[in-house]
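Observations on the model geometry
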Amino acid sequence: MSRPPGRKQENHKISRELFVLTYGALVAQLCKDYEKDEDVNTYLDRMGYGIGVRLIDDFLARSAVKKCRSYSETADVIAQVAFKMYLGVTPTVSCNSAAGNEFSLILDKNPLVDFVEELPAERASLCYCNLLCGVIRGALEMVHLAAEVTFLQDRLKGDAVTEIGITFLRKAEDRKQKRDK
């Protein structure tokens, strides 16, 4: 199905508040549907992965970023371009390993928790924003970068900041060696 020629593509945007409230309702429903927090976390990660797999095409088309040459550059693009584009925030990036394959995205303000003050005591192991980990992992996988993405700190659990850890699973040297063979 194609668009008629000359017709502009419409950009549909929803308000951030509507998105945040809808996400909160989704998490609340998942908490009712699943007894264990681990099951909710897994579901949110899988859902995020599916979003990331599809979102990367939109990101690449709208952002016009060039191919990243290092994991450090990839982490910077995720923080400075993707987070800004889709969530309206820019996390701080820090490298956590001498190998240069582990990074943290540190969010001073997490927009997904604007209307959440704290997690209930019975949901202490819930990763409320685990959807973000799945989105990042799915998007990276579509550009052939395997990564493990997890929450390292969460303001909802009493930490000072929200921190997302990204560990790239293949070293850049391994990828270069495969290309040279």
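Attention here is on the structure that accompanies the text. (Residues numbered from 1 in each chain as written. Predicted model: local features only at pLDDT ≥ 70, side-chain atom pairs only at ≥ 80, totals over all residues. Heavy atoms only, no water.)

Regarding its fold elements, the chain presents five helices and four strands. Sequence-ordered secondary structure for the chain, helices as α and strands as β, is α-α-α-β-β-α-β-β-α. Buried residues in the chain amount to 37% of all 181 residues. Pairs at least 24 residues apart make up 58% of the contacts formed inside the chain by residues separated by at least 6 positions. Split by element, the accessible area of the chain, about 11400 Å² in all, is 52% carbon and sulfur. (Helix = DSSP H or I, 4+ residues; strand = E, 2+ residues; numbered from the N terminus. Buried < 20%, exposed > 50% of the residue type's maximum accessible area, 1.4 Å probe, protein only. Contact = heavy atoms within 4.5 Å. Areas by Shrake-Rupley, 256 points an atom, 1.4 Å probe, with all protein chains shown as cover.)

Next up on the list: helix H4 (residues 130–142). When the terminal C-alpha atoms of H4 are compared, their 19 Å separation across 13 residues agrees well with the 18 Å that a helix rising 1.5 Å per residue should span. Within H4 the residues assigned to the buried category are Asn-130, Leu-131, Leu-132, Cys-133, Gly-134, Val-135, Ile-136, Gly-138, Ala-139 and Leu-140. Structurally, H4 contributes buried residues whose contacts are with helix H1 (16–33), helix H2 (37–63), helix H3 (71–87), strand S2 (102–107), strand S3 (147–153) and strand S4 (162–168). The first or second residue beyond H4 is His-144, which carries a positive phi of 65 degrees. (Expected span 1.5 Å × (residues − 1).)

So, on to the packing of H2 against H3. Contact geometry of H2 with H3 gives a least axis separation of 11 Å together with a crossing angle of 100 degrees. Relative to H3, the element H2 lies roughly perpendicular. Contacts between H2 and H3 pair Leu-55, Asp-58, Phe-59, Arg-62 and Ser-63 from the former with Val-77, Val-81, Ala-82, Met-85 and Tyr-86 from the latter. (Axes fitted to C-alpha atoms, helices over the stretch in contact; angles between N-to-C directions. Parallel < 35°, antiparallel > 145°, perpendicular 65-115°, else oblique.)

Take the environment of Lys-66 next. Within the secondary structure, Lys-66 sits in the loop between H2 and H3. Lys-66 sits 11 residues away from Val-77 along the chain, and the two C-alpha atoms are 9.8 Å apart.

This paragraph deals with the packing of aromatic side chains. Going through the model one piece at a time under the given rule, you end up with four aromatic pairs. Here the aromatic rings of Tyr-23 and Tyr-128 are separated by 5.5 Å at their centres, their planes lie at 90 degrees, and the arrangement is edge-to-face. Taken together, the residues Tyr-23 in helix H1 and Tyr-128 in the loop between S2 and H4 connect sequence positions 105 residues apart. Judged on exposure class, the residue Tyr-23 and its partner Tyr-128 are both buried. Here Phe-103 and Phe-168 contribute two aromatic rings whose centre-to-centre distance is 6.1 Å and whose plane-to-plane angle is 75 degrees, an arrangement assigned as edge-to-face. Here the residue Phe-103 occupies a position in strand S2, and Phe-168 occupies one in strand S4, the gap between them amounting to 65 residues. (Phe/Tyr/Trp six-rings, centres within 6.5 Å; stacked < 30°, edge-to-face > 60°.)

Spatial strand order, S1-S2-S4-S3: four strands in an open sheet with antiparallel pairing. Edge strands, defined here as strands with exactly one partner in the open sheet, are strand S1 (92–95) and S3. Along the sheet, successive strands turn relative to each other by an average axial angle of 25 degrees, direction set aside. When S2 meets S4, the two strands line up antiparallel, connected through six bridges. Looking across to S4, one finds that Ile-106 is bridged to Glu-163. Each of S1, S2 and S4 touches H3; the most contacted strand, S2, lies at about 20 degrees to it. Packed on one face of the sheet, H4 meets S2, S3 and S4 and runs near 155 degrees to S3. (Pairing = 2+ DSSP bridges.)

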